[in-house]
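Below, each chain spelled out in residue letters.
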Amino acid sequence: MAGEIVLSRGIRTNLLSLQDHAANLEIGQARLATGKRVNSALDNPLNYFQSDGLRQRGKELSSLLDQMGIAVETLKTTGKAIEGLQKLAESAAAIIRNAAATADNTIRNQARISFEEIKNQMNQLAADARFNGRNLLNGGVAGAYDSRFDLRISFNETLTTQLDVKAINLRATLAGTPPIAAGSTAPQVVTPIAPDPLAPTGFPPRAAATDYDSGAVGDANMQRDLGYLQSYISTIRGAATNFGINLTILQNRQQFTKDAVLTLNVGADGLVLADQNEEGAKLLALQTRQQLSTQALSLANQSDQAVLRLFN
């Protein structure tokens, strides 16, 4: 072909060697810059896609960790609220017991007023026991999981393993047996409040403070309300145990998922990351070989220069 320059065998061999060194230098520099020996599917398809799959699963589990963290805080908030409810209920019970030990109607009537006020505070506390819009103490439905009330936490990316935490009702506004009126041995007829399917116990509707007046009727009303409180406290303790167990399960799964994410990322890195020391040593060796190849190319070119000197 016209204009084609023919290179000697020695020059062409050294030229190809220089081109190979340049390509290898580029690869080595990329590995040092990125820290990876597999930067694309072209480098190693098997390792690249295996690493990508492990890393993707790690990301999916990491997103579940965020939800687990919210669930943990929700259960902690619930636990704190339960502690507060128990203290309020125990205070109300103590007030009624102290009032029952006296015949002073002023003290007994004040106990009834205090009992009603504590019930209101318990209602408010149960209503405020929410975190991230979720309240596990303000009502629910019996039976299967209901997303309107209950808390569901998924533990894997396919959503096939999960924990359902059922919401309950710890409000203290439920209708129970009406107070006994003075001069009567039968409960008053009142319109009952619709029962909650998950109600822990029934509390009597608001009544006059005189329901606690000294005498058999007042004593019976006090004893009845004290019984409600005792039942409520027992329910609170059971709820605390149940939520505590769920919190322990959740925290264990949270730690397991954290460890799994770490293991997945380590495995993904092991398939694609480069040994920086090794790559640095290779790059230094390639630079040395490139210099030697340049010298070899110069030596190979000297034979052609010797022919040129014959014409001088």
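Below, the structure is looked at part by part. Within every chain, residues take consecutive numbers counted from 1 along the sequence as written. In keeping with the predicted nature of the model, local features appear solely for residues at pLDDT of at least 70, side-chain atom pairs appear and are counted solely at 80 or more, and the whole-chain, interface and lining totals rest on all residues. Side-chain numbers here rest on the full set of heavy atoms in the structure, without hydrogens or water.

## Examining the packing of helix 2 (residues 45-100) against helix 4 (residues 216-272)
Move 1: Only the stretch in contact is used when fitting a helix axis, every axis being a line fitted to C-alpha atoms; angles between N-to-C directions are given from 0 to 180 degrees. Helix numbering and strand numbering both begin at the N terminus, where a helix is a DSSP run of H or I of at least 4 residues and a strand a DSSP run of E of at least 2. Contact pair helix 2 / helix 4: the axes reach a minimum separation of 7 Å and the direction vectors enclose 165°. One element, helix 2, and the other, helix 4, form an angle in the roughly antiparallel class. The hand of the helix 2/helix 4 crossing is left-handed.
Move 2: Residues are grouped as follows: Ala, Val, Leu, Ile, Met, Phe, Trp, Tyr, Cys and Pro are nonpolar; Asp, Glu, Lys and Arg are charged; all remaining types, including Gly, are polar. By residue class, the composition of the contact of helix 2 with helix 4 is 33 nonpolar, 15 polar and 10 charged. An angle below 35 degrees is treated as roughly parallel, one above 145 as roughly antiparallel, one from 65 to 115 as roughly perpendicular, and anything else as oblique. With the far helix as reference, a near helix turned anticlockwise by less than a right angle produces a left-handed crossing, and one turned clockwise produces a right-handed crossing.

## Brief notes about unusual backbone geometry
Move 1: The phi dihedral of N132 falls on the positive side, at around 55°, and the residue is not glycine.
Move 2: Mapping N132 onto the fold places it in the loop between strand 1 (130-131) and strand 2 (134-135).
Move 3: Its relative accessible area of 59% is what places N132 among the exposed residues.
Move 4: A positive phi angle, close to 60°, is found at L159, a residue other than glycine. Each residue is assigned to one of three classes by its accessible area relative to the maximum for its type, calculated with a 1.4 Å probe on protein chains only: buried under 20%, partly exposed between the two thresholds, exposed over 50%.

## So, the environment of G79
Move 1: By secondary structure assignment, the location of G79 is in helix 2.
Move 2: Between the C-alpha atom of G79 and that of L247, which follows or precedes it by 168 residues, the distance is 9.4 Å.

## A look at the packing of helix 3 (residues 105-128) against helix 4
In a packed pair of helices, the relevant descriptors are the angle between the two axes and the axis-to-axis distance.
Move 1: Running from N to C, helix 3 and helix 4 cross one another at 25°; their axes reach a closest spacing of 12 Å. Looking at the two axes, helix 3 sits roughly parallel to helix 4. Relative to helix 4, the crossing made by helix 3 is left-handed. Counted together, R108, R112, F115 and M122 of helix 3 and G218, D219, M222, R224, D225, L229 and Y232 of helix 4 form the full contact between these two elements.
Move 2: The class makeup of the residues in the contact of helix 3 with helix 4 is 5 nonpolar, 1 polar and 5 charged. The contact rule is simple, with two residues in contact once any of their heavy atoms fall within 4.5 Å.

## Some remarks on the pairing of strand 4 (residues 162-165)
Move 1: Only one face of strand 4 is covered, namely the one carrying L163 and V165; the face carrying Q162 and D164 has none of its residues buried.
Move 2: Pairing between two strands is assigned when DSSP locates at least 2 bridges connecting them. Where strand 3 (residues 151-154) and strand 4 come together, 4 bridges link them in antiparallel fashion. Paired with I153 across the bridge in strand 4 is L163.

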